[in-house]
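Survey of secondary and tertiary structure
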Amino acid sequence: MSTSKTAPTPAAKRDRTHYLYIAVIVAVVLGITVGLVSPDFAVELKPVGTGFVNLIKMMISPIIFCTIVLGIGSVRKAAKVGAVGGIALGYFLVMSLVALGIGLVVGNIVEPGTGLQVTDAIKETGHAQVDSEALPPVEFVLSIIPVTMVSAFTEGQVLQTLLIALLAGFALQAMGRTGEPVLRGIEHIQRLVFRILAMVMWAAPIGAFGAIAAVVGSAGLDALKSLAVLMLAFYTTCFLFVFIVLAALLRVVAGLNILTLFKYLGREFLLILSTSSSESALPRLIAKMEHMGVSKPVVGITVPTGYSFNLDGTMIYMTMASLYIADALGTPMSIGEQIPLLLFLLVASKGAAGVSGAGLATLAGGLQSHKPALVDGVGLIVGIDRFMSEARALTNFAGNAVATVLIGTWTKEIDKERVGEVLAGRLPFDEKTLLDEGDDAPAADGSSRGDDKELAKA
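Note that the structure is predicted; figures quoted are calculated from it, not measured.

Topic: the overall build of the protein
Scanning the protein from terminus to terminus reveals 22 helices and 0 strands. Put simply, the protein has 458 residues, and 54% of those count as buried. Considering only intrachain contacts with a sequence separation of at least 6, the fraction spanning at least 24 residues in the protein is 83%. Carbon and sulfur atoms make up 66% of the accessible area of the protein, which totals about 19000 Å².

Here's the deal with the packing of helix H15 (residues 282–292) against helix H21 (residues 416–423)
The N-to-C vectors of H15 and H21 enclose an angle of 115 degrees; their axes lie 8 Å apart at closest approach. Only Arg418, Val419, Val422 and Leu423 of H21 make contact with H15, whose side of the interface consists of Glu290, His291 and Met292. Here the contact of H15 with H21 is composed, by residue class, of 4 nonpolar, 1 polar and 2 charged.

Some thoughts on the environment of Ile272
When you line up the elements, Ile272 lands in helix H14 (residues 266–275). The class for Ile272 is buried, based on a relative accessible area of 0%. Distance in space between the C-alpha atoms of Ile272 and Ala393 is 6.8 Å, their sequence separation being 121 residues. Those residues in contact with Ile272 that lie beyond four places of it in its chain are Ser277, Ser278, Ser280, Ala281, Glu390, Ala393, Leu394 and Phe397.

Re the packing of H15 against helix H16 (residues 296–309)
In the contact formed by H15 and H16, the axes pass within 10 Å of each other and the chain directions differ by 155 degrees. When the interaxial angle is binned, H15 and H16 end up roughly antiparallel. As for how H15 packs across H16, the hand of that crossing is right-handed. Judged by residue contacts, Leu282, Leu285, Ile286, Met289 and Glu290 of H15 engage Lys296, Val299, Val303 and Tyr307 from H16.

Re the packing of aromatic side chains
Applying the stated criterion to the full structure yields 9 aromatic pairs. Measuring from centroid to centroid gives 5.9 Å for Phe243 and Phe262, while their planes differ by 85 degrees, and the two rings are edge-to-face. Remark: Phe262 occurs in helix H13 (residues 258–264) and Phe243 occurs in helix H12 (residues 228–254); sequence separation between them is 19 residues. The exposure class assigned to Phe243 is partly exposed, which follows from its relative accessible area of 33%. Look at Phe262 and you get buried, because its relative accessible area is 11%. Relative to Phe397, the ring of Phe269 lies with its centre 5.1 Å away and its plane at 80 degrees, an arrangement referred to as edge-to-face. Of the two residues, Phe269 is situated in helix H14 and Phe397 in helix H20 (residues 385–410); the sequence distance between them amounts to 128 residues. When sorted by exposure, Phe269 lands in the same class as Phe397, which is buried. Through a chain of ring-to-ring contacts, the aromatic side chains of Phe239, Phe243, Phe262, Phe269 and Phe397 assemble into a single cluster. For the cation-ring pair, Lys288 lies above Tyr264, with the distance from its terminal atom to the ring centre recorded as 4.9 Å. Above the plane of the ring of Tyr317 lies Arg392, whose end atom (NZ or CZ) is 4.2 Å from the centre.

Some details on the pattern of salt bridges
Taken as a whole, this structure holds 5 salt bridges when the rule is applied. Two residues, Glu187 and Arg191, come together in a salt bridge whose shortest N-O distance is 3.6 Å. Of this pair, Glu187 and Arg191 both sit in helix H10 (residues 180–200), separated by 4 residues, roughly a single helical turn. For Glu187, a relative accessible area of 7% puts it in the buried group. We classify Arg191 as partly exposed; its relative accessible area is 23%. For Arg284, the salt bridge goes to Glu268, with nearest N and O atoms at 2.5 Å. Pair noted here: Arg284 is in helix H15 and Glu268 is in helix H14, with a separation of 16 residues, a long-range link. According to the relative accessible area criterion, Glu268 is buried, its value standing at 0%. Where salt bridges share partners, they join Glu268, Arg284 and Lys288 into one cluster.

Considerations on H15
In terms of burial, H15 is a largely internal element, 11 of the 11 residues being buried. Residues of H15 that are buried: Leu282, Pro283, Arg284, Leu285, Ile286, Ala287, Lys288, Met289, Glu290, His291 and Met292. Two residues or fewer past H15, Gly293 is found with a positive phi of approximately 125 degrees.

With respect to unusual backbone geometry
Unusually for a residue other than glycine, Lys412 sits at a positive phi of about 55 degrees. Structurally, Lys412 can be placed in the loop between H20 and H21.

Quick look at the confidence of the model for the protein
The predicted model of the protein averages 77 in pLDDT, with 77% of residues at 70 or higher. Taking the mean pLDDT of every element in the protein, the minimum, 40, falls on helix H22 (residues 448–457) and the maximum, 93, on H13. With pLDDT under 50 throughout, residues 351–356 is counted as low confidence; its partners more than four residues away or in other chains account for 12 contacts.

As for the side chain of Ser151
Within the fold, Ser151 resides in helix H8 (residues 151–154). For Ser151, the contacting residues outside a window of four places in its chain are Pro146 and Gln160.

Parameters and conventions
- Residues numbered from 1 in each chain as written.
- Predicted model: local features only at pLDDT ≥ 70, side-chain atom pairs only at ≥ 80, totals over all residues.
- Heavy atoms only, no water.
- Helix = DSSP H or I, 4+ residues; strand = E, 2+ residues; numbered from the N terminus.
- Buried < 20%, exposed > 50% of the residue type's maximum accessible area, 1.4 Å probe, protein only.
- Contact = heavy atoms within 4.5 Å.
- Areas by Shrake-Rupley, 256 points an atom, 1.4 Å probe, with all protein chains shown as cover.
- Axes fitted to C-alpha atoms, helices over the stretch in contact; angles between N-to-C directions.
- Nonpolar A, V, L, I, M, F, W, Y, C, P; charged D, E, K, R; others polar.
- Parallel < 35°, antiparallel > 145°, perpendicular 65-115°, else oblique.
- Left-handed = near helix turned anticlockwise from the far one by under 90°.
- Phe/Tyr/Trp six-rings, centres within 6.5 Å; stacked < 30°, edge-to-face > 60°.
- Lys NZ or Arg CZ within 6 Å of the ring centre and 35° of its normal.
- Salt bridge = Lys/Arg side-chain N within 4 Å of Asp/Glu carboxyl O.
- pLDDT = per-residue confidence, 0-100.

In structure tokens form, the structure reads like this:
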């Protein structure tokens, strides 16, 4: 009963965070201004943006671990977790193919690379983008297994953390009541981690300023003008994918309006836009999806896995960039050549899921392996890659948010009444703790939200 007495406190904090995100918008505007007025100085600000993104990234592994362990450990049916994972991977594969298909159609219609000149300097720049960190499919699968249980957290590999968390969750599930003290301890650690994340978010305006200033300063207006057609085509394709394909799926399967969902996730989209990194919003997406009424097992499995396997924006990017480069080199590909290349890039992208700047690195590495002659043209898009990464990151994030709702609906692991209340604004998200402390709302399976409270009483 005492929790209801403290309800007004998070509301006051929420008002303060409202000003925080206004500050982020101001910081973005200032960053763009500095990037245009003083490009050299703006480029030097890159470490400021990188530092903020790294602060967020350091929270990802513990948040994923706590979320998955609590989600799996608090349910008694192991088959439920397997069903969620199977449906998620199947959905990710289908949507990746759809994204590739849409990029293929638009790229062949627009043909943005026709008429460009490729110099020796551009060729050298392109070859420099081939990243040795990208792994072949078999090695990528083996890399999911960490050297030790602890190294999964220290190396920052999301899929390694996912594996350890799944094993720990199933082990605690098998332990029954003897595992409840461990679950209670992890629940307290989760509260601590989310509170630290809430503190880190106050550095968002500084990080946004440094990141956007560096992007604008390094690209410059000349690069933007010369490659405007490709950028416009790419942004348009991402827009069509999100607001036609994803919106239709969300409406048909879950009965939700995608604009309403995006309004709920508005702060996360702003964070991604200002940092060019979808990873910066991963911890908050986990917290917000749980708050919205999707069960912990679904959120804990779908979101982290989606960040490696459900990269819709990256798929569209690689499709259009490949066609652009082929046209620019004067060697346009036939449909028969395009499809095998893109299917190869679909597989190759999974091997570079954890690589920094994976979009450009994966493109260069995939072309090097499958069609080496095209690597010469990768240098053409280096200048605007960061601007394209904005759309990549936003589309990837949108795809994973929608995927979480869809998979929750298909597995009947979503509380539809709570979804309606949250999206209508009657159950606001607690920006102070990022957790529903004292929330007695039932989970989608009728137990998992309540299970947390029962564990606390045990």
